[in-house]
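One-letter residues, chain by chain:
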Amino acid sequence: MSVGWAILGTGGFPDEKVAPALNLADDCELIAVMSRDAARAKEFAAKHDAQVGYDSVDAVLRDSRVDAVYIANRNHLHAPHAILALQAGKHVFMEKPIALNFADGVEVVKTSESSDSKLGVGFELRQHPGRIESKELISAGTIGTIALAQAQFGSGVRGNVHPKPRSGYSDWWVDPESTGGAFAMMALGIHCVDELRFMLGQEVTEIAAITDRQNDSQSLENLATLCLRFSGGTIGTVTCGFRMPGFQNSVFLYGSDGKIIFNEAYPPHTLQGSMEISSQTVNKTTSYERDGLILMQRQIESFNQAIQHGNQPAATARDGLKAIQVIEAMIKSAATGTTVKLEPLDF
């Protein structure tokens with residue numbers, strides 16, 4: 001059964017990643033795209049072989065051919081559009097954040113869990129073959145008890161102390177009320193935290209953060225470092241930002257019986273780099289041919305299977321809510337200079 005899809009948003013990410021991946025994915029039909037600008041919607045639809053371009057969410061949700069909605073527009077629209085789509089009986093796949101704050105995120109989760117529709121969140125690294133293998137090896141105890149987990153994801157331009165503010169269709173990233181109160185962490189770091197949660201099978205319970213902003217004069221950080229305590233005892237660090245030209249994007253997992261290292265570990269939607277495993281029983285290096293769409297494609301196909309077979313998406317609404325909880329804790333810790341404990345999502 002082919003799943004009919006609509007995309008909300010026609011910015012760079014939908015144009016370069018979402019629409020091409022949908023057109024590559026099995027059992028997908030791109031029915032509609034939506035932009036507030038009718039001409040832009042029609043142009044985007046023609047470019048990506050969608051059947052129609054709409055200029056309102058209501059028009060998308062009234063289209064009976066649309067089974068699932070991919071929400072890839074501005075952050076502050078994610079929660080209201082997700083709730084509208086779920087209430088209209090559509091399945092929802094959404095980019096993070098699922099909401100701008102924890103309270104609104106809870107509403108998204110409750111709406112999702114009370115409906116017959118599926119809701120998935122865009123954490124592409126859960127489709128990465130090396131991350132999946134690492135999760136299995138850690139669960140099996142192959143590298144022992146994980147003491148330290150480190151992830152670092154950054155970029156920069158030589159000569160620029162700070163990145164140039166985004167402009168044009170991306171200018172909303174400079175507005176704290178539109179982004180959710182964070183920049184580097186929202187754009188980059190949250191992928192690091194999610195993949196550590198995924199591979200370790202542990203939850204973040206405590207955060208201490210230092211950033212270059214989160215103060216009265218500048219509220220959106222360009223650089224952040226987090227220390228994390230996980231529920232199984234692992235200590236973690238995450239560094240992310242836009243002030244590091246030539247930065248080594250990597251992940252390190254150190255266990256009592258071995259280690260796993262990912263080189264060229266990011267961006268999260270691109271398969272590339274290598275994985276090194278060193279333990280008593282497994283010793284190997286796996287290199288990945290660069291592919292900028294395959295993880296997006298697999299993510300969409302995985303969500304299609306959740307729709308078709310009734311299983312849970314790879315990343316659920318609660319995973320999206322945990323991401324918001326982590327970001328809010330990061331903001332609070334950086335602003336106050338204190339360690340912040342995270343409560344379980346037990347509602």
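It should be emphasised that the depicted structure is a prediction, and the values quoted were computed from it without experimental measurement.

Caption draft 1: Layout of the environment of Ala-147. With respect to the helices and strands, Ala-147 occurs in strand β7 (residues 146-154). Contacts of Ala-147, omitting those with residues within four sequence positions, involve Thr-234, Ile-235, Tyr-254 and Gly-255.

Caption draft 2: Highlighting the pairing of strand β13 (residues 274-279). The sheet contact formed by strand β12 (residues 258-263) and β13 spans six bridges and is antiparallel. Within β13, the position partnered with Lys-259 by the bridge is Ser-278. Alignment of β13 against strand β14 (residues 283-287), held across five bridges, turns out to be antiparallel. The residue bridging Glu-276 from the neighbouring strand is Thr-285, located in β14. Between β13 and β14, which follow one another and run antiparallel, lie three residues.

Caption draft 3: Up close: the nonpolar core. By size, the foremost hydrophobic cluster in this structure holds 88 residues, and its most contacted members are Met-185, Leu-196, Ile-207, Leu-226 and Val-251. Per element, the largest residue contribution to this core is twelve residues, and it comes from helix α8 (residues 184-200). In terms of nonpolar packing, the next biggest core, distinct from the first, is built from 22 residues, Ala-21, Val-33, Ala-45 and Ile-300 among them.

Caption draft 4: A look at the sheet that holds strand β9 (residues 223-230). Judged by pairing direction, the sheet is mixed, and its nine strands sit side by side in the order β14-β13-β12-β11-β7-β10-β9-β8-β15 without closing on themselves. Sheet topology places β14 and β15 (340-341) at the edges, where each strand pairs with a single neighbour. Where α8 meets the sheet, it contacts β7, β8 (204-211), β9, β10 (235-241), β11 (250-255) and β12, and its direction lies at approximately 155° from that of β10. Contacts from helix α10 (residues 317-336) reach β8, β9 and β15, with the element oriented near 45° to β8.

Caption draft 5: How the structure looks around the sheet that holds strand β3 (residues 52-54). Taken in spatial order, the six strands of this open sheet run β3-β2-β1-β4-β5-β6, and their pairing is parallel. Edge strands, defined here as strands with exactly one partner in the open sheet, are β3 and β6 (119-121). Neighbour to neighbour, the strand axes of the sheet diverge by 25° on average, direction disregarded. The sheet strands contacting helix α4 (residues 75-87) are β1 (3-8), β4 (68-71), β5 (91-94) and β6, and the helix crosses β5 at an angle near 160°.

Caption draft 6: Geometry of the pattern of salt bridges. For the structure shown, the criterion picks out 13 salt bridges. Across the pair Glu-113 and Arg-318 runs a salt bridge, and its minimum N-O distance is 2.7 Å. You can see Glu-113 sitting in helix α5 (residues 102-113) and its partner Arg-318 sitting in helix α10, a full 205 residues away along the chain. With relative accessibility at 23%, the residue Arg-318 sits in the partly exposed group. Two residues, Glu-206 and Lys-341, come together in a salt bridge whose shortest N-O distance is 3.5 Å. With Glu-206 in strand β8 and Lys-341 in strand β15, the pair connects residues that are 135 residues apart, well separated along the chain. According to the relative accessible area criterion, Lys-341 is exposed, its value standing at 60%. Beyond isolated ion pairs, a larger network of salt bridges with shared partners links Arg-126, Asp-194, Arg-197, Glu-203 and Asp-319.

Caption draft 7: Broad picture of the packing of α8 against α10. As a packed pair, α8 and α10 sit with axes 10 Å apart at the nearest point and diverge in direction by 120°. Considered as vectors, α8 and α10 are oriented oblique to each other. Classified by chirality, the crossing of α10 by α8 is right-handed. Contact residues: Met-185, Met-186, Ile-190, Val-193, Asp-194 and Arg-197 in α8; Asp-319, Lys-322, Ala-323, Val-326, Ile-327 and Met-330 in α10. When the residues that make up the contact of α8 with α10 are grouped by side-chain class, the tally is eight nonpolar, no polar and four charged.

Caption draft 8: Seen up close, the side chain of Ser-35. Topologically, Ser-35 is positioned in the loop between β2 (28-34) and α2 (38-47). A polar side-chain atom of Ser-35 sits 3.2 Å from the main-chain amide nitrogen of Asp-37. Not counting the four nearest positions on each side in its chain, Ser-35 is found in contact with Thr-10, Arg-40, Ala-41, Tyr-54 and Asp-55.

Caption draft 9: Just the packing of aromatic side chains, in detail. Using the criterion set out here, one finds nine aromatic pairs in the structure. With centroids separated by 5.8 Å and ring planes inclined at 55°, the aromatic side chains of Trp-173 and Phe-183 adopt a geometry described as tilted. Here Phe-183 lies in the loop between α7 (176-179) and α8 and Trp-173 lies in the loop between β7 and α7, a separation of ten residues in the sequence. Assessed through its relative accessible area of 11%, Trp-173 is described here as buried. The class for Phe-183 is buried, based on a relative accessible area of 10%. Ring centres 4.7 Å apart and planes at 20° place the aromatic pair Phe-183 and Phe-242 in the stacked group. Taken together, the positions of Phe-183 in the loop between α7 and α8 and Phe-242 in the loop between β10 and β11 put the pair 59 residues apart, joining distant regions of the chain. The buried category is assigned to Phe-242, whose relative accessible area is 13%. Stacked on the ring of Tyr-266, the Lys or Arg Arg-131 has its end atom at 5.8 Å from the ring centre. A cation over a ring is seen here: Lys-135 above Phe-198, with NZ or CZ 4.9 Å from the ring centre.

Scoring rules and cut-offs
- Residues numbered from 1 in each chain as written.
- Predicted model: local features only at pLDDT ≥ 70, side-chain atom pairs only at ≥ 80, totals over all residues.
- Heavy atoms only, no water.
- Helix = DSSP H or I, 4+ residues; strand = E, 2+ residues; numbered from the N terminus.
- Contact = heavy atoms within 4.5 Å.
- Pairing = 2+ DSSP bridges.
- Core = buried A, V, L, I, M, F, W, Y, C linked by side-chain atoms within 4.5 Å.
- Buried < 20%, exposed > 50% of the residue type's maximum accessible area, 1.4 Å probe, protein only.
- Axes fitted to C-alpha atoms, helices over the stretch in contact; angles between N-to-C directions.
- Salt bridge = Lys/Arg side-chain N within 4 Å of Asp/Glu carboxyl O.
- Parallel < 35°, antiparallel > 145°, perpendicular 65-115°, else oblique.
- Left-handed = near helix turned anticlockwise from the far one by under 90°.
- Nonpolar A, V, L, I, M, F, W, Y, C, P; charged D, E, K, R; others polar.
- Polar contact = N/O pair within 3.5 Å; in protein donor to acceptor, adjacent residues only side chain to side chain.
- Phe/Tyr/Trp six-rings, centres within 6.5 Å; stacked < 30°, edge-to-face > 60°.
- Lys NZ or Arg CZ within 6 Å of the ring centre and 35° of its normal.

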